[in-house]
Amino acid sequence: MNVTINEEGAKALVKLEGRLDTTNADQFMKDITPLMNGAHQEIEMDCTDMEYTSSQGLRMFLMLQKSVSARGAKLVLRNMKPHVKEVFDITGFSHIINIL
Amino acid sequence: MSIKKNFASRLSLYVLLLSASLLLVVTILATVFSATFVLNEANVRAEKVLDNTVLEIEKVITEVERAVDNVDWVVQRNVNDEQFLYTVTRELVATNPNIVGSAVAFEPYYFKNRKYFAPFTYSGDISHELHTVQLGNEHYDYPTLDWYQIPKLLGKPYWSEPYYDDGGSGQRISTYSMPLKDEEGKIYGMLTADLSLEWMSDLVTSIKTTPNSYILLIGRNGAYIAHEKKEKVLNETIFTSALEMEDTTAIRIGKNMLAGERGMIHFKNDDDKAFVVYSPLSNGWSIGLVCPYKDIYYYVNLLIIILMVLLILGLLVLFLGSRRIIRKQTSPIVEFGNAAMTIAKGNFNASIPEVKTKDEILQLRNSLDYMQRSINEYIVELKSTTASNERYESELNIGREIQMSMLPQNFPQRGDCSLYAMVQPAKEVGGDLYDFVEVGDSIFFLVGDVSGKGVPAALFMAIARAAFRFIGALGLPISEVMCRVNNCLADGNKNEMFVTMFAGRIDLKTRKMDYCNAGHNPIVVIAPDGKPTYLHAKPNLAAGLFADFPYEEEQIQLEQDTRLILYTDGVTEAEREDKSQYGEDRLLEWASKINSSVTSNAAVLDLYSHVKSFTHGADQNDDITIMSILLK
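Small disclaimer: the values here were computed from a predicted structure and weren't measured.

(A) Just the overall build of chain A, in detail. Of the regular secondary structure elements, chain A holds 3 helices and 4 strands. Written out in order from the N terminus, the α and β elements of chain A read β-β-α-β-α-β-α. The buried share among the 100 residues of chain A stands at 35%. When contacts within chain A are restricted to residue pairs at least 6 apart in sequence, long-range pairs at least 24 apart make up 70% of them.

See below:
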């Protein structure tokens, strides 16, 4: 999955494109490490072109959420495709992660 | 080594052939040039020798003529002194070594009315004693002889044709006759001097420009005066020999010589080519010098042979020498070959030999060296990659083994329930599980999907399963079971692993089911009439993430011949090549076609094959888990 990060001060705008499955989960982890370790107060992820995520991907999002919460910052996922949102719903992740 | 030898030999052979061709051309040119040059030189030399010989002979002829000339007036003055006349002839012979006979022959009846009077002195053949006689008598009618008659008719001095003088010196001679004339110019006698041709012959045959060259001296009508083969003298003419030859040029030579010409002609003497230079003598004779080509070219031929031998030897040396040099120069290549072989056999640190020259061989060496280093680096990298891959693989394999060993295989054999389940693991991912326990007339079951893979996921699954079995056996409500299992898993779970689950307990007597869904896919309930629906369950959070999460359970009343299909997302998310997924609709569609008379075993396998035929051979990227529970 392609991860493009644009920074505007303390806010990070992230664009996600493509699939997130077990083959590229490690790469995704590397790509979002600057977000996990950084000092951004707000992280907004554009999921318009996110095609699919597996349970591996869910774990990644959860870990990101936890690290963001730990430093008191906010994480928002926007414009998720319906079938992808369904996965978040079924697993109950939509209660934990902010999805708009 | 043998291949190398052939290369050097082959290259040397080419060099040899090229050199040989060039040298051959050069040799041919040199030979042709030499031959022409040599022939010209021989011509020039022959002419010189001829001219010298002519001078020699002319000297003698002139001597004789002069000698006779000198005594002419003395004789004229003392023509009546018989004694004096004898003396004169003696003097002539005595004082001239070339004159072997001399005579004063008178016209018949001139001298004191004697018919014959010819005082004559000759020197003996062997003893050189002088004998004086009177020459003329009936048997020797000298006025009719050539030496008298012809000069008389011509009226001037005459050299006769050579003849054998049996009456006198006993040698082959030619007579120089000078007519004696009175005041009126009438000839009254001949003053003669005989020139020995033996001497001439000896002189002539000793003159050679080359071993096989020879001089021929011919008289006015072509008869041999002197020839190498003495028997030809007086017996043959030049035309005799000429007619024997095939080459008609010889006749032309004869004609030219008799015509008093000077020149050179090439002819062929019975397969032997030769040339003849010829020149006239003052007395009407002609002399020729024959030079066979064989002699002339003797040295040229010798030169060719020597050249050829040297050439062959030289080329041999060239061949061997160049082969040796090439071999030495290309010996690094052999060493490179050996080094490459050593490297190929696994000794990647084999040293490549150094090269002294700065040419293409050095380039080859450097390329080889670079290649070796590249291979080394590549291998190091490969080894580390392979090692880490192997570790990874083995971790996955161990995880897989743990996982599969936890799946119960002895399914319940009951009259009131048919249960069957399977997990088809994917290569990479793992983590699906199912479990079931019979507790009296209740059956307790679950299907789950662990996130992550490898050993950590397998251990996580093991904990989940163990926790479920243990807690489930306590008879607590399902929601409570879930809570406790969740807390168990959430504790110390820094990697945020989780497991989605659907757990349920069916009382087989009442056919009531308590169930709790923790983040798992909704199960399919197929009613007795065959109509399938998705069971709507509250989507609690997957287990292992948040401790103390309030799990809620639900209840449903089932009927006889109801079938439950539990599965993981390996079914609904199974992909074919174009990335389209099996999907929930297709699952429902399959479920609508399954009959309640079909055993769980068959149903599970049927769904599995349905999914597989959908994916049509594309790679399986997640575990496929299917459980069928039929209430009979």
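(B) Region of the structure containing the overall build of chain B. Helix and strand counts for chain B stand at 14 helices and 22 strands. Nonlocal contacts in chain B, meaning residues at least 24 apart in sequence, comprise 63% of its contacts between residues at least 6 apart.

(C) Highlighting the interface of chain B and chain A. Listed as interface residues are 17 residues of chain B and, on the opposing side, 14 residues of chain A. Looking at side-chain class alone, the side of chain B that touches chain A contains 6 nonpolar, 7 polar and 4 charged residues.

(D) Layout of the nonpolar core. Residues and elements named next belong to chain B. Grouped together as the largest cluster of nonpolar side chains are 92 residues, with contacts concentrated most on M482, V499, A503 and A543. It is helix α11 (residues 478-490) that provides the largest number of residues to this core, a total of 7 residues. In this view, V499 contacts G448, D449, V450, F460, M461, A464, L489, A542, A543 and G544; residues no more than four positions away in its chain are not counted. Residues V71, V88, A118 and L180 belong to the second largest nonpolar core, which totals 67 residues.

(E) Looking closely at the pairing of strand β1 (residues 99-106) of chain B. Residue and element names in this part refer to chain B. The buried count for β1 comes to 8 of 8 residues, which makes it a mostly enclosed element. Note that β1 and strand β7 (residues 187-196) share 7 bridges and pair antiparallel. Bridging from a neighbouring strand, S102 pairs with A193 of β7. The pairing of β1 with strand β2 (residues 119-123) spans 3 bridges and is classified as antiparallel. Residue pairing in the sheet places A103 in a bridge with F120 of β2.

(F) View of the sheet that holds strand β17 (residues 512-518) of chain B. Residue and element names in this part refer to chain B. The strand order across the open sheet built from 5 strands is β14-β15-β16-β17-β20, with neighbouring strands paired in antiparallel fashion. Each having just a single partner strand, β14 (432-439) and β20 (554-557) make up the two edges of the open sheet. Between one strand axis and the next, the sheet turns by 15° as a mean value, whatever way the strands run. Relative to strand β15 (residues 442-450), β14 is paired through 8 bridges, and the arrangement is antiparallel. Bridge pairing in β15 links D432 to D449.

(G) Up close: unusual backbone geometry. Positive phi, normally seen in glycine, also occurs at N79(A), with a value near 55°. By the element assignment, N79(A) lies in the loop between β4 (74-78) and α3 (82-90).

(H) Representation of the packing of helix α1 (residues 25-37) of chain A against helix α2 (residues 55-70) of chain A within the structure. All names here are of chain A. Closest axis-to-axis distance for the α1/α2 pair is 11 Å, and the angle between their directions is 10°. Considering their axes alone, α1 and α2 lie roughly parallel with respect to each other. Read as a crossing pair, α1 and α2 show a hand that is right-handed. Contacts from A25, F28, M29, I32, L35 and M36 in α1 reach Q56, G57, M60, L64 and S67 in α2. For the contact of α1 with α2, a count of residues per class yields 8 nonpolar, 3 polar and no charged.

(I) Representation of α1(A) in the model. Residues and elements named next belong to chain A. Given a rise of 1.5 Å per residue, 13 residues ought to cover 18 Å, and the 18 Å separating the end C-alpha atoms of α1 matches this to within 8%. Within the sequence span of α1, burial applies to A25, F28 and I32. Considering only its buried residues, α1 is in contact with β1 (2-8), β2 (11-20) and α2.

(J) Main features of the sheet that holds strand β3 (residues 42-53) of chain A. All names here are of chain A. With respect to topology, 4 strands assemble into an open sheet ordered β1-β2-β3-β4, the strand pairing being mixed. If you trace the sheet from one side to the other, it starts and ends with β1 and β4, each paired once. Averaged over neighbouring strand pairs, the angle between their axes works out to 15° when direction is ignored. Where β2 and β3 come together, 9 bridges link them in parallel fashion. Across the sheet, residue K15 finds its bridge partner in β3, namely D46.

(K) Structural view of the environment of K232(B). Here K232(B) is to be found in the loop between β9 (224-226) and α5 (238-244). Excluding its chain neighbours within four sequence positions, the residues that come into contact with K232(B) are Y224(B) and H227(B).

(L) Focus on the packing of helix α8 (residues 331-344) of chain B against helix α9 (residues 360-405) of chain B. Residues and elements named next belong to chain B. Axis separation between α8 and α9 bottoms out at 11 Å; the angle between their running directions is 10°. Considered as vectors, α8 and α9 are oriented roughly parallel to each other. For the pair α8 and α9, the contacting residues are P332, F336, A339, A340 and I343 in the first and I361, L364, R365, L368 and Q372 in the second.

Calculation rules
Residues numbered from 1 in each chain as written. Chains lettered and ligands numbered in written order. Predicted model: local features only at pLDDT ≥ 70, side-chain atom pairs only at ≥ 80, totals over all residues. Helix = DSSP H or I, 4+ residues; strand = E, 2+ residues; numbered from the N terminus. Buried ≥ 20, exposed ≤ 12 C-beta atoms within 10 Å, placed from the backbone. Contact = placed C-beta atoms within 7 Å. Nonpolar A, V, L, I, M, F, W, Y, C, P; charged D, E, K, R; others polar. Core = buried A, V, L, I, M, F, W, Y, C linked by C-beta atoms within 7 Å. Pairing = 2+ DSSP bridges. Axes fitted to C-alpha atoms, helices over the stretch in contact; angles between N-to-C directions. Parallel < 35°, antiparallel > 145°, perpendicular 65-115°, else oblique. Left-handed = near helix turned anticlockwise from the far one by under 90°. Expected span 1.5 Å × (residues − 1).

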